[in-house]
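Summary of the model geometry
Chain residues, written in single-letter form:
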Amino acid sequence: MKSNWKDSEAKKLKGDLLKLRVYTSRLLGNNEDLVMHGGGNTSVKIKETNIFGEEEEVLYVKGSGWDLATIEAPGFAPVKLSALHRLAQLDTLSDVDMVKNQRMAMTNPSAPNPSVEAILHAIIPYTFVDHTHADAVVTVTNTPGGKKRIQEIYGDKILIIPYVMPGFILAKKIYEMTKNIDWDSIDGMVLMNHGVFTFHNDPKISYEKMISIVDASEKYLKKQGANAIKGKGKGKIDGLQIAKLRKKVSEVWNKPVLAKLDRSASAKTFSELSDVAKITSRGPLTPDHIIRTKRTPMMVSDSPKKDLEQYVKNYKAYYKKYNTGEQTLLDQAPRWAIVPGSGVVSFGPTVKHTRIIEDIARHTQRAIFQAEHLGGWKALGKGDLFEMEYWSLEQAKLKKAGKPKSMQGKVAIVTGAASGIGKACVESLIEQGAVVTGLDIAPAIEGMFPQKEALGIRCDVTSEKQLKKAIDETIATFGGIDMLVSNAGIFPKSARIADMDGKLWDKSLELNVTSHQRLLQLLIPYLEVGFDPAVVIIASKNVPAPGPGAAAYSVAKAGLTQLGRVAAMELGGKGIRVNIIHPNAVYDTAIWTDEVLQARAKHYGLTVKEYKTNNMLKVEVTSRDVADLATAMLGKTFAKITGAQVPIDGGNERVI
Ligand code: ZN
């Protein structure tokens, strides 16, 4: 591990202690091998003058809910050091009292709650204190004889702290252990099964001590032959197996969740290890991961249903054994699963969740793999882990999220997604909390959606091969498919039947109807294991009210409508709804340029505005209006409706 400290950057901060604290906190936070997703904490002690003109020392410690990678000055909670010192001298202190008294000692009431390690930071007598859960160090401690190995690596330059519960108990333990110690004689502290502390009055030295301590453990692992996971992994993905697994896990979790498949070579290789079930049954990398990942992943065999039942049974037994009567049973759904040959799957209600789990799982796999070279992975005992998992202060971290959006955890595919109605559908669905794969033949689709909730795939929907690939990609990224907006289409140039070009006719039928049938056919097995599965077909006003010169279009759209009606009948028994939209006069699409609009309006002797609102309600119908209707049809409002055809046209005499 290398130091990322830059004198030139630090110089710009002109000795401002809090700014320097932000700077090195981010250096630590941006290294995944040190901390991940809100783990770890840092502090700085600053002398300040209060409103009465008195000087007092204030501990600025990472606030709860902030991430070291992105922390800013307001992310540090200022707490009077004298109050924290007094708390450290108490014999016992409940979590509730700790949180309350720390808040009362803050010099800014609108700052976030201080980290649960605030008291510990306070008793370390240096300006800067850094704490990480460094992979390499924790990996060494999580082995048989881990303590001996740490002594071997660091000698007496490191104080070794046996595992105790974080929070007041840990602060108290260290307070007692360091009463008679010469702090200057040690470089830092290694907390068994937990992490590392370093400290100094100079932020650079404190940070670089952390780096060199971690570097020593990394070198030790290397010397022992405990390298990163090697191998290509040979497995293939069974998309339907992943979709079924996601459905089952969602049922246990009691809400739709996403599943993300890590297909990297290391994940595949790990999943193929002969003893993978055994080595992953022993527990997480560091205790604070347990609130995100649970104690163990689930192993998937040929029968995911049975595997999950076993997982739930084991979880309930673990709860029964360790709960003291004060804890309420949490959901029993696994957060990650090993699918031998395919890789590792992470579950979560949002993309952000699945990514956090995947990151933690990846680091855990490496740690387990390396520890096996050192005599075996030996995580913290179940009792200690249970205490951590059900610790109210940890649970509070997860409860911050507000009410979920109506389509959270659900997955949609939208075709023709690079413009007009299709693009608006992607945006409308994401606003409701869904994740969406947008397909389009236009290359622009690939970079079109900056949101991580959207996956843009370039795809010719008339090619079965390309459709299959897009489905596989969707499953690997999101875990299932619940909804389809079958929208891709073309409006061929106007031609009377007498003058019809055969190629034009064929192309319209191929794209406007046959490709929809093919995609629906491919998706039925996935929709069958989806959540409240539903399909919306974007047809046209030309179905109920055709016009001359549009035979190629109208016939295809009529066929598409009929496809939807038959699908509603065939799929109703499987709980899959199919509804149809007939839009008309949607002018905010690529084909309706200003020139075309002006020409058409002139043709009818109307202004462009009159032309656009030439309907009963005198309103302009936009792509977004159609998209919001499609989203409503996929959602709860249409939960008991199938086979319906809804025009969206501002009112049209011929349609009514
Ligand atoms: Zn920690």
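The structure presented is a predicted model; accordingly, all values stated were derived computationally and were not measured.

1. As for the sheet that holds strand 8 (residues 258–262)
- The mixed open sheet is built from four strands, whose spatial order is 8-11-10-9. Two strands bound the open sheet, and with one partner strand each, they are strand 8 and strand 9 (298–299).
- Pairing geometry for strand 8 and strand 11 (residues 343–348), over five bridges, is antiparallel. Of the residues in strand 11, the one forming a bridge with Asp 262 is Val 344.
- Against the sheet, helix 10 (residues 239–253) contacts strand 8, strand 9, strand 10 (336–339) and strand 11, and its axis sits at roughly 35° relative to strand 11.

2. A look at the coordination of the zinc ion
- For the zinc ion, the full set of protein donor atoms is His 131 (NE2), His 133 (NE2) and His 194 (NE2), at a range of 2.1 to 2.2 Å.
- Read in sequence order, the donor residues for the zinc ion give the motif H-x1-H-x60-H. Of this pair, His 131 sits in strand 4 (residues 128–132) while His 194 is found in the loop between strand 6 (188–191) and strand 7 (195–200), placing the two residues 63 residues apart along the sequence. With respect to class, His 131 is no different from His 194; both count as buried.

3. Here's the deal with unusual backbone geometry
- For His 37, which is not glycine, the phi dihedral falls at a positive 45°.
- Take His 37: it is sitting in the loop between helix 2 (17–29) and strand 1 (41–49).
- Taking the relative accessible area as the measure of exposure, His 37 reaches 27% and is therefore partly exposed.

4. Details of the domain arrangement of the protein
- When cut into domains, the protein gives domain 1 (7–223), domain 2 (239–397) and domain 3 (411–586 + 621–648).
- Computed over C-alpha atoms, the centres of domain 1 and domain 3 are 54 Å apart.

5. Considerations on the sheet that holds strand 5 (residues 158–161)
- Within the open sheet, the seven strands sit side by side as 3-2-1-4-7-6-5. Their pairing is mixed. The open sheet has two edge strands with one neighbour each: strand 3 (76–80) and strand 5. Ignoring which end each strand starts from, the neighbouring axes of this sheet average 20° apart.
- In the sheet, strand 1 pairs with strand 4 via four bridges, with the strands oriented antiparallel. From the neighbouring strand, Ser 43 faces strand 4, where its bridge partner is Val 129.
- Where helix 2 meets the sheet, it contacts strand 1, strand 2 (55–62), strand 3 and strand 4, and its direction lies at approximately 180° from that of strand 1.

Cut-offs applied
- Residues numbered from 1 in each chain as written.
- Predicted model: local features only at pLDDT ≥ 70, side-chain atom pairs only at ≥ 80, totals over all residues.
- Heavy atoms only, no water.
- Pairing = 2+ DSSP bridges.
- Helix = DSSP H or I, 4+ residues; strand = E, 2+ residues; numbered from the N terminus.
- Contact = heavy atoms within 4.5 Å.
- Axes fitted to C-alpha atoms, helices over the stretch in contact; angles between N-to-C directions.
- Donors = N, O, S within 2.8 Å, 3.2 Å for Na, K, Ca; no water.
- Buried < 20%, exposed > 50% of the residue type's maximum accessible area, 1.4 Å probe, protein only.
- Domains from an automatic or database assignment.

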